[in-house]
Amino acid sequence: MPLWRLRGRAVGDKRQTADRRPAPVSKLPDVGTTVFTVMSRRARELGALNLGQGFPDYDIDPRITELVAAAMSAGHNQYAPMEGLMSLRERIAEKLFRSYGRKVNPESEITVTLGATEAIYSAIQAVVGAGDEVIAFDPAYDSYEPAVRLAGARCIRLPLSPPSFAYDWSRVRDALTERTRLVLINSPHNPACTTITAEDLDQLAAAIRGRPILVLSDEVYEHVVYDGHKHASVLLHPELAERSFAVFSFGKTLHATGLRVGYAVAPAPLTTELRKVHQFNTFSIAHPLQHAIAAYLAEKPDIGDGLAGFFQAKRDRVRAALAGSSFALPPARGTYFQLLDFGQLAPPGDLAFAERLLTEAGVATIPLSPFYENPPPLTVLRLCICKRDDTLDRAAERLRSFAEQLAHRR
Ligand code: GLN
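These figures come from a predicted structure and were not determined experimentally.

Student: Mind laying out the site of the ligand, listing which residues take part and the relevant values?
Tutor: Lining the immediate surroundings of the ligand are Phe36, Gln53, Gly54, Tyr141, Asn190, Phe337 and Arg382. A distance of 3.1 Å is found between a nitrogen atom of the ligand and a side-chain nitrogen or oxygen belonging to Tyr141. One nitrogen or oxygen atom from the side chain of Arg382 is found 2.7 Å from an oxygen atom belonging to the ligand. Burial of the ligand by the surrounding chains reaches 79%, relative to a free accessible area of 300 Å². Judged by the proximity of its atoms to the pocket grid, the ligand belongs to the largest pocket. Here the residues of the shell around the ligand are counted per class, giving three nonpolar, three polar and one charged.

What follows is the structure, given as structure tokens:
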């Protein structure tokens with residue numbers, strides 16, 4: 001049994017019985033350390049190749065390093081403005097206009113946050129309260145539901161069923177109640193690697209029209225949409241944009257997840273509410289990093305343009321390396337992940353299979369169960385492809401030979 005603690009199941013935590021100090025009343029009793037953190041830790045301990053947690057293992061652009069050093073040398077080492085550095089927000093507004101043709105006011109509609117995770121958390125705390133309901137879709141990124149529950153609200157989870165992970169909008173319409181405050185969407189989708197369509201956005205807009213329901217759209221992989229398709233942002237949908245928080249991440253766009261700089265875009269009244277939470281949550285984001293990113297965007301306003309091609313080559317490399325093996329590779333339309341289906345090799349049970357890949361094949365992956373309220377029997381794992389080509393080649397080789405060994409034993 002893997003050691004991480006999953007929703008509703010505390011595994012391997014012996015301290016609770018040995019420790020006689022009064023236990024705090026947990027607000028999230030069924031939540032353990034995230035699967036990403038645990039998998040990265042175990043990959044390090046075991047010396048496995050880490051295709052689990054989503055972060056690059058190659059160097060960032062040295063120009064970013066220079067600009068951060070320059071910003072610190074120039075003395076930008078005290079608090080940044082709570083809302084975010086104005087020059088950065090201006091560059092963000094230009095970037096959004098370039099991508100989506102939408103004029104966003106940097107003064108009143110953009111807030112720089114501590115990664116997308118803070119943007120999501122602060123937006124939820126800002127607009128959701130006790131007794132409210134929030135709709136999320138399973139598999140859902142793991143931070144959504146805890147943020148909703150900490151706001152005192154209930155997360156209603158609707159299925160996106162494999163293999164297509166398509167939205168069932170009639171189910172969404174049926175799930176809306178007087179208490180629904182927010183619908184949480186994510187495209188490109190982590191972990192399903194799917195993308196939402198303009199028709200999906202129309203369906204969502206129609207479903208919530210005339211109701212006091214907002215949208216939180218997690219678009220951190222906005223630039224990683226494959227095969228020539230374009231990202232369907234809520235910012236391209238005038239009706240939804242009026243009632244949405246759209247959340248973005250420089251960690252993904254600059255290949256530097258350690259920066260922890262993201263931003264939330266929302267109409268002024270929503271931004272005002274988000275900032276009320278943000279100022280007491282993280283208050284303001286690393287000042288020198290904001291200067292550096294603003295300067296970098298000024299030098300490279302087209303920074304997002306090459307990302308899809310860059311990651312598509314990695315996706316295709318992994319797919320080619322595993323073609324003809326007993327693993328199936330469902331289509332990946334976006335994100336820097338690729339699903340791996342082991343259904344021909346072993347019975348459903350993604351936690352057990354991820355554990356075998358980690359300990360027997362030396363490859364860390366991410367099982368999908370932790371993204372579900374009630375996981376169905378699953379035969380898919382998530383591979384992270386934003387890695388050096390040689391890391392991907394070595395991991396694919398290990399996966400391939402593990403599959404061959406299993407096939408022989410059967
Ligand atoms: N977003 C990253 C992923 O999906 C995880 C970030 C984290 O560990 N919280 O892998």
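Right, picking up where we left off after that structure.
Student: Describe in detail the layout of surface pockets, supporting the description with residues and values.
Tutor: Of the volumes computed, that of the largest pocket is approximately 840 Å³. Lining of the largest pocket is provided by 42 residues; of these, Thr34, Phe36, Tyr141, Asp142 and Ser143 occupy positions nearest its centre. If you list the elements that add at least two residues to the lining of the largest pocket, you get helix H2 (35-46), helix H5 (115-127), helix H6 (144-150) and helix H10 (250-253). The leading source of residues in the lining of the largest pocket is H5, at five residues. Residue composition of the lining of the largest pocket, by class: 20 nonpolar, 14 polar and eight charged.

Student: Please provide a residue-by-residue account of the packing of aromatic side chains, values included.
Tutor: Evaluation of the coordinates by the stated rule reveals 18 aromatic pairs. Measuring from ring centre to ring centre gives 5.3 Å for Phe248 and Tyr263, while their planes differ by 25°; the resulting arrangement is stacked. Taken together, the positions of Phe248 in strand E7 (residues 244-249) and Tyr263 in strand E8 (residues 262-265) put the pair 15 residues apart, joining distant regions of the chain. The buried category is assigned to Phe248, whose relative accessible area is 0%. Aromatic side chains Phe327 and Phe353 sit 6.3 Å apart centroid to centroid with 75° between the ring planes, which places their arrangement in the edge-to-face category. One end of the pair, Phe327, is in the loop between helix H13 (307-322) and strand E9 (337-341); the other, Phe353, is in helix H14 (residues 350-361), with 26 residues separating them in the sequence. Grouped by ring-pair contacts, the aromatic residues Tyr58, Tyr221, Phe310, Phe311, Tyr336 and Phe337 constitute a single cluster.

Student: Let's hear about H14: which residues, and what values?
Tutor: Regarding H14, the residues found buried are Asp350, Leu351, Phe353, Ala354, Glu355, Leu357, Leu358 and Ala361. Where the residues of H14 are buried, they touch H2, E9, strand E10 (363-364), strand E11 (366-367), strand E12 (380-384) and helix H15 (389-409). Phi turns positive, to about 75°, at Gly362, one or two residues after H14.

Student: Before we move on, can you summarise the packing of H5 against helix H11 (residues 268-281) with the specific residues and values?
Tutor: Orientation of H5 relative to H11, taken along the N-to-C sense of each, is 120°, at an axis distance of 8 Å. The angle between H5 and H11 places the two elements in the oblique class. Note on packing geometry: the crossing formed by H5 with H11 is right-handed. Residues Glu118, Ala119, Tyr121, Ser122, Ala123, Gln125 and Ala126 of H5 lie in contact with H11, whose contacting residues are Glu273, Leu274, Val277, His278 and Asn281.

Student: Go over the sheet that holds E7 with me, naming the residues and quoting the values.
Tutor: Pairing within the open sheet is mixed, and its seven strands lie in the order E2-E8-E7-E6-E5-E3-E4. Pairing within the sheet leaves two strands with one partner each, and these edge strands are strand E2 (110-113) and strand E4 (154-159). If you compare each strand with its neighbour and ignore which way they point, the axes differ by 20° on average. Sheet topology places strand E3 (residues 133-138) next to strand E5 (residues 180-186); three bridges connect them, and they run parallel. Within E5, the residue paired with Glu133 across the bridge is Thr180. Sitting on the sheet, helix H4 (residues 86-100) touches E2, E7 and E8, and the angle it makes with E2 is about 115°.

Student: Describe the pairing of E8, and please don't skip the residues or the numbers.
Tutor: Both faces of E8 are covered, namely the face carrying Gly262 and Ala264 and the face carrying Tyr263 and Val265. With four bridges joining them, E2 and E8 adopt antiparallel strand pairing. Residue Thr113 lies in a different strand from E8, and its bridge partner there is Gly262. Where E7 meets E8, four bridges bridge the pair, whose relative direction is antiparallel. Its bridge partner being in E8, Phe248 is matched across the sheet by Tyr263.

Student: Run through the environment of Ala354, naming residues and quoting values.
Tutor: Turning to its location among the elements, Ala354 is positioned in helix H14. Given the relative accessible area of 0%, Ala354 is considered buried. For the pair Ala354 and Arg382, spaced 28 residues apart in sequence, the C-alpha to C-alpha distance is 9.4 Å. Ignoring any residue separated from it by four or fewer positions in sequence, one finds Ala354 in contact with Met39, Thr365, Pro367 and Leu381.

Student: Mind laying out the environment of Ser164, listing which residues take part and the relevant values?
Tutor: Within the secondary structure, Ser164 is located in the loop between E4 and helix H7 (169-175). By relative accessible area, which is 49% here, Ser164 ends up partly exposed. Separated by 28 residues in the primary sequence, Ser164 and Ala192 place their C-alpha atoms 8.7 Å from one another.

Student: Explain helix H3 (residues 62-73) to me, using residue names and the numbers behind them.
Tutor: Since the α-helix turns once every 3.6 residues, residues separated by three or four places project in the same direction. The terminal C-alpha atoms of H3 lie 16 Å apart, and with 12 residues this matches the ideal 16 Å at 1.5 Å per residue to within 8%. Within H3, burial applies to Ile64, Leu67, Val68 and Ala71. With its buried residues spanning 100° around the axis, H3 presents them on a single face. Away from the buried face of H3 by more than 90 degrees, exposed residues Pro62 and Ser73 are located. The N-capping residue of H3, defined by a side-chain oxygen 2.9 Å from the backbone nitrogen of Arg63, is Asp61.

About the thresholds
Once a new chain begins, its residue numbering starts again from 1 and follows that chain's sequence as written. Given that the model is predicted, a residue must reach a pLDDT of at least 70 before its local features are reported, and side-chain atom pairs must reach 80 or more before they are shown or counted; all residues, however, enter totals for whole chains, interfaces and linings. Where side-chain values are given, they derive from all heavy atoms of the structure, hydrogens and water being excluded. By convention in this text, a residue qualifies as near a molecule or strand provided that one of its non-hydrogen atoms is within 4 Å of it. We call two N or O atoms a polar contact when they sit within 3.5 Å, provided that within protein one can donate a hydrogen and the other can accept it, with sequence-adjacent residues counted only if both atoms are side-chain atoms. In short, Shrake-Rupley with a 1.4 Å probe defines the accessible areas, and a residue's cover is counted only from the protein chains shown. Space inside and on the surface of the protein is sampled on a 1 Å grid over the protein atoms alone, with a cavity defined as a set of points where a 1.4 Å probe fits but cannot get out and a pocket as an open set with protein on both sides within 12 Å along at least 5 of 7 lines; lining residues have an atom within 4 Å of a point. A cavity or pocket is said to hold a molecule if more than half of that molecule's atoms lie within 2 Å of its grid points. The classification used treats Ala, Val, Leu, Ile, Met, Phe, Trp, Tyr, Cys and Pro as nonpolar, Asp, Glu, Lys and Arg as charged, and all other residues, Gly among them, as polar. Grid points are joined across faces, edges and corners, and a volume is the space filled by probe spheres set on the points. Helix and strand labels come from DSSP, where a helix needs a run of H or I of at least four residues and a strand needs a run of E of at least two; each type is numbered from the N terminus. Here the aromatic set is Phe, Tyr and Trp, taking the six-membered ring for Trp, and pairing holds for ring centres within 6.5 Å; pairs whose planes are under 30 degrees apart are stacked, those over 60 apart are edge-to-face, and all others are tilted. Note on exposure labels: buried denotes an accessible area under 20% of the residue type's maximum, exposed denotes more than 50%, and partly exposed covers the range between, all computed with a 1.4 Å probe on protein chains only. In what follows, a contact means two residues having at least one pair of non-hydrogen atoms within 4.5 Å. Fitted lines through C-alpha atoms give the axes, limited to the stretch in contact for helices. The angle between two N-to-C directions lies from 0 to 180 degrees. Throughout, the term roughly parallel applies to angles under 35 degrees, roughly antiparallel to angles over 145, roughly perpendicular to angles from 65 to 115, and oblique to all others. The crossing is said to be left-handed when, going from far helix to near helix, the turn is anticlockwise and less than a right angle, and right-handed when the turn is clockwise. Pairing between two strands is assigned when DSSP locates at least 2 bridges connecting them. One fewer than the residue count of a helix, multiplied by 1.5 Å, yields its expected span. Working definition: the arc comes from the directions between the helix axis and the C-beta atoms, pointing outward to the latter.

Interpretation in functional terms is not warranted from these geometric data alone.
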